[in-house]
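Close look at the chain arrangement
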Amino acid sequence: MSQYKDNFFGYFKFYYGVLGNSTLIYLAICVLVSILDGFGIAMFIPILEFVGKSEVSEQESMGQFRFLVEGVKWIGLSINLVTVSLVLVSLFSVKAVIRYWQLRYQTKLRFKFIQRIRYQLLDRLQALSYAGFLKLDAGRIQNTFTAEAQRLFQTMHFYFSAAQSFVMLMTYILLAFAANYQFAALVVVGAGSTNFIYRRIYRSTKRASSEYSKKGHDFNSYLIQAVSSFKYLKSTGYFSHYAKKVKSVIDQSEMLNRKMGNLTAITTSMREPLILSVILAVILLQVEVMGASLTTILLSLLLFYRALSFLVVVQNHWQNFIINAGSIESVDSLLFEMNLHQENSSLATIEKIRSDIQLKNIDFAYGDRMILNNISLSIPVARTVALVGESGAGKTTLANIIAGLIEPGRGSVCIDNVNLKELNIHDYRIRIGYISQEPVIFNDSVYNNITFWSPPTEENLSKFKEVIRLTSLDTFLEGLSEGENTLLGDNGILISGGQRQRISIARELFKKPEILILDEATSSLDAETELVIKENIKALHGLYTMIIIAHRLSTIKEADIIYVIEKGSVTDFGDYDMLLSKSEKFKRMVSLQEV
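Predicted model, so just to flag it, every value in this text is computed and none were measured.

1. A closer look at the overall build of the protein
A count of helical and extended segments in the protein gives 22 helices and 10 strands. Here the contacts in the protein between residues at least 6 apart in sequence split such that 77% fall between residues at least 24 apart. Of the roughly 30,100 Å² of accessible surface on the protein, a fraction of 58% belongs to carbon and sulfur atoms.

Given below as structure tokens:
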């Protein structure tokens, strides 16, 4: 949903919302430059009169600009060719200095604008709830952060260039009215009528620009999926079929690009003939019909020639702005939607988790499908709790609720007897280590992946070596030519699945959280490595509050409490031996795995 009106002043409100009063300062400088330029042009009239020895009086030829000549006389200078020339040079020199600072200020504004937009996008993404993130398309997010943000930067350039030219245009029109209001009125009416021709073209360009942004979202979405599913697409021969789909999106994008280019060609080619026709028609009307002399309209003609040249510039910049204007809607709508799903981080903070985590009467559903049904359980501090059950029983959903990623439809999660909704969720998550079924690996070195870019101090290096030992990565590092500085590739593509999982486990151990959630953490490991990690997890018993989700029941034999989850409900709980003796469901699961 757009938060601005789709017109010149609506766009100004959008930019003003980002830059504040800096936009007004910039426009004020534009007006000052225009006025100085207009005064300079007005001073050409006395020069022309001196050169041509015109018999037309200064009062008649300069109109309301007579005060410039009077000002020169007032400071004690005589009116002659040399004096007027020096005044003219002085005016344009001052204008050049102000113009220099104007361009520098414009550069500063553009930098500040794109910086603030990217900060806003990143801050909103950081504060976005997990449930809100699931409602957004990953391709749209990536395209907005990259291509659309860059296009938005272009709109900033073209909008302010158009705005600057527009201010200068209006200034010259006002000066022209002051010199000869009849001539000025006729030119304004004639030039204004040409905008009716452009309006329809601008609307078509704007629609094409918005569609171009949407196709960019689609392209990035397909590209992300192609990269993440490369192995599957390649091994099955599906890549050629998938590539056809992506190429169709590329073709549609380029057709829209071509359409915008054609519309730009039309407006660009017809501007000069239209404006020239307007000026010649007004001159003929004034001289032949209204009986005015060419000398009396000379100053207005000079000012209007200057004004109409800026009209061409305004239209050129505005056309380029419209081509990229779809990015404003794209960025603005994403910011708006992310803002709807922000997490509240201004609540009470936690010093340390001191008592049990309590889940009370938890319900959760995806649409009409019930995932969790009236679950109540307790997770003691510094104890190991396991959640077991068939695939789809709701174990991972339950872990996500404990981590504060999603909120239950009914019921509550209490930390130290305080509802999680009343706590600072970011402060709570800092205390959580989460190891999921899909290991998270960044395109960086082994050291940075495990330490999360912590500086290589003596203390951090010692912690790094310890977690390397705990996760059995010693031999792996010894086999790398660059050791811990070896780059792992995008999502760890250069290493095996088991190595990726061990690195993600090492990262959470390096963090030293209070709560450690392991969601099928050893599922990608071979039997020998799993045994080593299982022994190390056993050694962590009592040091962390651990929540283990596992299909391999051998990994949870040492758990203090095991909850059996079946169809979204807790059907039994106890330690391993207790459940083996009293729960038929658990006994059957153990028997099947032993077989």
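2. Here's the deal with helix α17 (residues 458-470)
The end-to-end C-alpha distance of α17 is 19 Å, a good match for the 18 Å that 13 residues give at a rise of 1.5 Å each. Restricting attention to buried positions, one finds in α17 the residues Asn 460, Phe 464, Val 467, Ile 468 and Leu 470. Summarising the axial view, the buried residues of α17 lie within an arc of 160°, below the 170-degree limit, and thus occupy one face. Turned more than 90 degrees from where α17 packs its buried face, Glu 458, Glu 459 and Lys 465 sit exposed. Immediately downstream of α17, the backbone of Ser 472 shows phi near 55°, a positive value.

3. Here we look at the nonpolar core
Within the largest apolar cluster, 49 residues are counted, with the highest numbers of intra-cluster contacts made by Tyr 15, Phe 113, Tyr 159 and Phe 321. Where this core is concerned, the elements lending two or more residues are α1 (8-19), α2 (22-42), α6 (81-127), α8 (138-179), α12 (298-324) and α13 (326-340). Of the residues forming this core, the biggest block, 14 residues, is contributed by α8. The residues contacting Phe 113, other than those within four sequence positions of it, are Phe 14, Tyr 15, Val 18, Leu 19, Leu 152 and Met 156. By size, the runner-up hydrophobic cluster in this structure holds 40 residues, among which are Ile 495, Ile 505, Ala 521 and Met 546.

4. Digging into a nonpolar patch on the surface
Taken together, the side chains of Val 97, Tyr 100 and Trp 101 present a nonpolar region at the surface, about 340 Å² in accessible area. Judged by relative accessible area, Tyr 100 falls into the partly exposed class, the value being 44%.

5. Details of the side chain of Thr 384
Its place among the elements puts Thr 384 in strand β3 (residues 384-388). In contact with Thr 384, other than residues within four places in its own chain, are His 541, Met 546, Ile 548, Ala 559, Asp 560 and Ile 561.

6. Here we look at the environment of Gln 225
Its place among the elements puts Gln 225 in helix α9 (residues 181-228). What makes Gln 225 partly exposed here is its relative accessible area of 37%. On a C-alpha basis, the gap between Gln 225 and Ala 138 in space is 9.5 Å, while along the polypeptide they are 87 residues apart.

7. A short note on the packing of aromatic side chains
Tallied over the full model, the rule gives 21 aromatic pairs. Aromatic pair Phe 14 and Tyr 15: ring centres 5.6 Å apart, planes at 75°, arrangement edge-to-face. An angle of 70° between the planes, with centres 5.4 Å apart, marks the rings of Tyr 100 and Trp 101 as edge-to-face. Each residue in the set Tyr 11, Phe 14, Tyr 15, Tyr 26, Phe 113, Tyr 159, Phe 160, Trp 318 and Phe 321 is aromatic and connected to the rest through ring pairs, giving one cluster. A cation sits over an aromatic face here: Lys 463 above Phe 510, 4.3 Å from the ring centre. One cation-aromatic arrangement involves Lys 582 over Phe 573; the distance from NZ or CZ to the ring centre is 5.8 Å.

8. Notes on the pattern of salt bridges
Inspection of the entire model under this criterion finds 10 salt bridges. Where Lys 585 meets Glu 390, a salt bridge forms, and the shortest distance between an N and an O atom there is 2.8 Å. One end of the pair, Lys 585, is in helix α22 (residues 584-594); the other, Glu 390, is in the loop between β3 and α14 (395-402), and 195 residues separate them in sequence. The buried category is assigned to Lys 585, whose relative accessible area is 12%.

9. So, the sheet that holds β3
One open sheet holds the 6 strands; their spatial order is β6-β7-β8-β3-β9-β10, and the pairing between them is mixed. Each having just a single partner strand, β6 (432-435) and β10 (569-574) make up the two edges of the open sheet. Across the sheet, the mean angle separating the axes of adjacent strands is 15° when strand polarity is ignored. Relative to strand β9 (residues 561-566), β3 runs parallel, the two sharing 4 bridges. Its bridge partner being in β9, Val 388 is matched across the sheet by Val 564.

10. A look at the environment of Leu 488
Summarising the element assignment, Leu 488 is placed in the loop between α18 (474-478) and α19 (497-511). Spatially, the C-alpha atoms of Leu 488 and Asp 444 are 5.9 Å apart, while their sequence positions differ by 44 residues. Residue contacts for Leu 488: discarding those within four places in its chain leaves Ile 441, Phe 442, Asp 444, Ser 445, Val 446, Asn 449, Ile 493, Leu 494, Ile 495 and Ile 503.

11. Concerning unusual backbone geometry
Phi is mostly negative for residues that are not glycine, and the peptide bonds are mostly trans. A positive phi angle is found at Ala 382, which is not glycine, with a value near 60°. Mapped onto the fold, Ala 382 is located in the loop between β2 (369-379) and β3. Taking the relative accessible area as the measure of exposure, Ala 382 reaches 18% and is therefore buried.

Reading the values: the criteria
Residues numbered from 1 in each chain as written. Predicted model: local features only at pLDDT ≥ 70, side-chain atom pairs only at ≥ 80, totals over all residues. Heavy atoms only, no water. Helix = DSSP H or I, 4+ residues; strand = E, 2+ residues; numbered from the N terminus. Contact = heavy atoms within 4.5 Å. Areas by Shrake-Rupley, 256 points an atom, 1.4 Å probe, with all protein chains shown as cover. Expected span 1.5 Å × (residues − 1). Buried < 20%, exposed > 50% of the residue type's maximum accessible area, 1.4 Å probe, protein only. Arc of directions from axis to C-beta. Core = buried A, V, L, I, M, F, W, Y, C linked by side-chain atoms within 4.5 Å. Patch = residues over 30% accessible without salt bridge, like charges linked within 9 Å, V, L, I, M, F, W, Y side chains within 5 Å. Salt bridge = Lys/Arg side-chain N within 4 Å of Asp/Glu carboxyl O. Phe/Tyr/Trp six-rings, centres within 6.5 Å; stacked < 30°, edge-to-face > 60°. Lys NZ or Arg CZ within 6 Å of the ring centre and 35° of its normal. Pairing = 2+ DSSP bridges. Axes fitted to C-alpha atoms, helices over the stretch in contact; angles between N-to-C directions.

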